[in-house]
Amino acid sequence: MTVELGPLLPQEERAAQETRLRDVWRTPSGWRYWTSVNNSEIGLWYGCTAFAFMLFAGVLALIVRLQLAVPNNDLVSADFYNQAFTLHGTVMMFLFAVPIFEAVAIFLLPSMLGSRELPFPRLSAFGFWSFAIGGIFVCGSIFFGAAPNGGWFMYPPLATDKEQIGIGADIWLLGLSFIEVASIAAAVELIVGIMKCRAPGMRVNMMPLFAWYLLVVAGMILFAFPPLIAGDLLFEMQRMFDWPFFDAARGGDPLLWQHLFWIFGHPEVYIIFLPAIALMAMIVPTFAQRPIVGYSWIVLAAVGTGFLSFGLWVHHMFATGLPQISLAFFSAASEAVVIPTGVQIFVFIATMLAGRVVFSVPMLFGAGGLAIFIIGGLTGVMVALVPFDWQAHDTYFVVAHLHYVLIGGMLFPVTAGIYYFYPFFAGKKLSDRLGKISFWLMFVGFNVAFFPMHFVGLRGMPRRVFTYPADMGWDWMNLISTVGAFIFAAGFALVVADVLRPKSRVPSAPDNPWNAGTMEWLNQRDETWGLRSIPIVNSRYPLWDQPDLRRNIEDGRYYLPDAETGHRETLVTSVLDGEPLQVLRVGGSSIVTMVAAAMLGGVFISMTYEWWWITIGCSVGTLIAILYWLWTGTAQIPEADDREVGLGQSFPLYVSGPASVGWWAMFITMVGDWTAFASLVFGYFFYWTLHDDFTAGIAGPGMFWPVVAGTLFLLAWSAMLVARSTNDHDRVWATRLLLIGSAILTIGGTLAGFQGPLSYDMQPTQHVYPATVWVLVIWTAAHAAVALIMQLYCLARSFTGRMTGKYDQDIRNVVLFWHFMAFTAIATFAIIGLFPSLR
């Protein structure tokens with residue numbers, strides 16, 4: 001993309017432009033600082049909170065190791081031990097491993113992509129507050145003796161038994177469901193930001209590898225987290241209301257939970273691993289001082305790894321008695337994922353061989369992490385073989401494998417990233433001497449701690465045991481592992497001390513201390529607007545290949561060098577070619593994100609304790625906060641059609657449909673939503689295929705009411721399509737009448753949907769068949785309620801003049817929701833009406 005640069009302005013005009021930019025993007029002070037939605041602040045809060053949770057989980061791990069250091073130990077009680085190891089795994093997987101990369105992405109991506117901001121900064125803030133509230137709720141439970149104690153996988157039927165496991169399981173289920181809201185919000189933000197908010201000229205084959213990896217990971221979150229949300233729903237329905245989804249005596253099956261959990265759980269490993277590799281993909285070229293070798297290959301390998309990871313979940317279930325053909329297929333798939341993983345590692349090796357590697361502290365941690373990960377990968381190949389897995393399953397061999405993969409594949413690269421990016425946000429380097437000492441303590445300590453676990457596992461020590469007798473031959477290896485764990489902890493504590501120590505005497509680092517080639521190192525640290533002007537990019541490593549880029553950006557010679565309109569603005573570009581299409585006005589600081597997150601947190605927390613009136617009150621509060629957020633913060637009618645952006649070009653301020661970031665956000669959200677629905681449908685057919693007589697003689701909802709309900713929802717959808725068309729032609733009253741008619745049809749379809757199971761008196765506590773029917777109907781009814789609110793919202797926007805034929809973003813997004821809503825309704829009522837009679 002070639003465009004003539006803007007003129008070099010006099011110093012006085014440049015200073016005036018910078019003053020206006022500073023005023024628009026200023027971070028609030030005092031208590032209002034916490035209402036900030038700037039990505040830099042949100043990313044920093046996210047990262048610090050995730051690290052605090054990680055340190056908490058690390059202390060729990062040391063307590064576990066102390067308990068296992070010697071036989072017959074009584075340092076802690078069995079119940080506290082169960083709570084400690086459950087929370088350790090839960091926090092590391094849900095509150096550190098994924099959120100830390102969401103934090104890094106939110107912090108880095110705007111600068112890396114050459115953008116002022118990601119498209120939904122308020123959504124990022126909402127995600128952070130949801131994550132923080134949920135994390136404190138889950139972690140704080142251990143101080144009241146109420147922490148979950150059934151393992152981070154919470155297997156039924158033990159975990160569904162309220163007498164065996166108390167309220168801790170509910171805290172785990174509902175707390176993590178709330179936290180998953182934050183993860184999905186971050187996924188929406190990252191996907192839309194990477195696809196639509198890149199610098200002009202940055203085609204998809206020029207994106208930084210970090211962005212590619214985060215795009216793959218965000219897509220994986222949309223398909224991995226919803227099955228767990230669906231499983232949590234079934235799990236909590238059994239615990240709260242005795243619906244028998246996992247009760248074999250009433251037609252249920254605990255294996256359904258394992259399927260839904262591991263459909264999430266194994267991709268989760270790669271959701272953790274791929275962003276760590278993304279950090280290495282930034283670090284290795286920098287310290288080899290040459291572009292990455294095989295850019296296209298590593299991108300394809302990242303996509304392939306993400307794709308294959310969804311075909312591996314059953315290798316966690318080899319010991320459950322599955323058919324031989326299933327074992328063979330999933331064993332082969334588990335072996336196949338080694339290929340794209342190996343490609344990525346060999347690309348790094350080739351890049352280092354092709355360049356002149358500077359062995360800095362970041363490279364030291366990165367190389368050490370890759371070495372540890374390779375060992376974990378080799379043991380992964382071993383447990384992918386069914387006969388070996390039968391011997392090693394649920395032993396400490398698997399514990400060793402898991403930690404070699406996750407700590408080598410994630411924590412060491414994260415530490416490399418801390419040393420690499422610390423000058424980016426602090427302006428000073430960390431200590432090379434302390435960094436090298438901490439690396440060797442961590443590297444040696446880790447291997448001393450976890451390598452013996454392979455052997456103690458092969459000697460038969462099972463996972464999750466509280467203590468063990470002295471004559472099993474496990475004692476000295478457990479003692480060595482405990483010593484190694486404390487050495488490892490000392491190394492990481494040194495990293496924390498290096499980050500927190502005063503640095504008043506440490507000299508400031510240059511703007512680009514590592515001579516990196518990617519654009520994040522152009523960031524002006526003292527300014528919250530990011531780049532002085534949005535550049536034109538024509539290289540994968542623009543700092544190396546565009547020598548005048550920094551000067552031209554700082555001189556304001558590219559896009560949006562000014563903020564004369566008084567709004568926070570960035571550019572929206574095309575998905576493939578990075579052609580500028582729109583000026584996007586993003587939301588400013590607001591307390592509404594905190595209120596919405598607090599209200600939603602109140603819903604989940606009050607449900608945990610079955611405080612139903614508080615649940616209802618918080619639900620209403622959440623709805624009001626979100627509606628206020630949407631009404632005041634999105635789809636606002638601008639004062640002009642176009643905005644002059646510099647370089648003699650103007651772009652529209654308002655677009656709708658597939659051209660708008662809001663449409664993309666709705667589409668991506670509904671993909672995740674439909675994945676959760678597909679998981680519930682999977683559960684229905686799991687039971688249907690499991691039993692010769694799925695119904696157990698219980699009468700179903702029949703055909704009449706499902707057909708009526710499906711027909712009414714189809715008519716409501718059709719009315720929405722026509723309403724969109726009449727709105728396009730500015731036929732205001734026809735649009736309003738169609739919206740009202742569609743809302744009435746939606747209510748009718750919902751009532752008809754309930755009438756089927758009600759008319760046949762289907763009791764969900766009696767058997768799994770009526771329970772699954774009710775779950776599908778309730779899911780559809782809940783979405784119909786959301787659709788009804790959307791219809792009334794569009795109606796209100798029309799009456800207030802905020803939705804017209806020209807400004808139609810609201811109705812277009814709602815119709816997009818209705819596409820998914822109609823498909824959900826048709827699928828639901830076809831399934832419960834036709835099955836299990838068709839067999």
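Description of the structure in this document.

Cut-offs and rules
- Residues numbered from 1 in each chain as written.
- Predicted model: local features only at pLDDT ≥ 70, side-chain atom pairs only at ≥ 80, totals over all residues.
- Heavy atoms only, no water.
- Helix = DSSP H or I, 4+ residues; strand = E, 2+ residues; numbered from the N terminus.
- Rg over C-alpha atoms; globule rule 2.2 N^0.38 Å.
- Buried < 20%, exposed > 50% of the residue type's maximum accessible area, 1.4 Å probe, protein only.
- Contact = heavy atoms within 4.5 Å.
- Lys, Arg positive; Asp, Glu negative; His and termini not counted.
- Charge placed at Lys NZ, Arg CZ, Asp CG, Glu CD.
- Salt bridge = Lys/Arg side-chain N within 4 Å of Asp/Glu carboxyl O.
- Pairing = 2+ DSSP bridges.

Details of the overall build of the protein chain
Part 1 of the argument: The helix and strand inventory of the protein chain stands at 24 helices and four strands.
Part 2 of the argument: Its C-alpha atoms give the protein chain a radius of gyration of 28 Å, near enough to 28 Å, the size a compact globule of 839 residues would have.
Part 3 of the argument: Taking the principal axes of its C-alpha atoms as reference, the protein chain extends roughly 80 × 75 × 50 Å.
Part 4 of the argument: Per-residue burial over the protein chain gives 61% buried out of 839 residues.
Part 5 of the argument: Taking the intrachain contacts of the protein chain between residues at least 6 apart in sequence as the baseline, contacts between residues at least 24 apart amount to 81%.
Part 6 of the argument: Distance from the positive charge centre (43 side chains) to the negative charge centre (54 side chains) of the protein chain: 8 Å.

A word on the pattern of salt bridges
Any two side chains of opposite charge can pair if their charged atoms end up close together.
Part 1 of the argument: Under the counting rule described, the total for this entry stands at 23 salt bridges.
Part 2 of the argument: Of the charged contacts in the structure, one is a salt bridge between Arg551 and Asp548, with a shortest N-O distance of 3.2 Å.
Part 3 of the argument: Residue Asp548 is classed as partly exposed on the basis of its relative accessible area of 37%.
Part 4 of the argument: Arg812 is the partner of Asp808 in a salt bridge, and the nearest nitrogen-oxygen pair spans 2.7 Å.
Part 5 of the argument: A relative accessible area of 24% places Arg812 in the partly exposed class.
Part 6 of the argument: Sharing partners across several salt bridges, the network here consists of Glu564, Glu569, Arg585, Glu639 and Arg643.

Observations regarding the pairing of strand β3 (residues 642-646)
Part 1 of the argument: In terms of strand pairing, β3 meets strand β4 (residues 649-652) through four bridges, oriented antiparallel. Paired with Gly646 across the bridge in β4 is Gln649.
Part 2 of the argument: In this antiparallel pair of consecutive strands, β3 and β4, the connection spans two residues, and Leu647 shows a positive phi of 60°.

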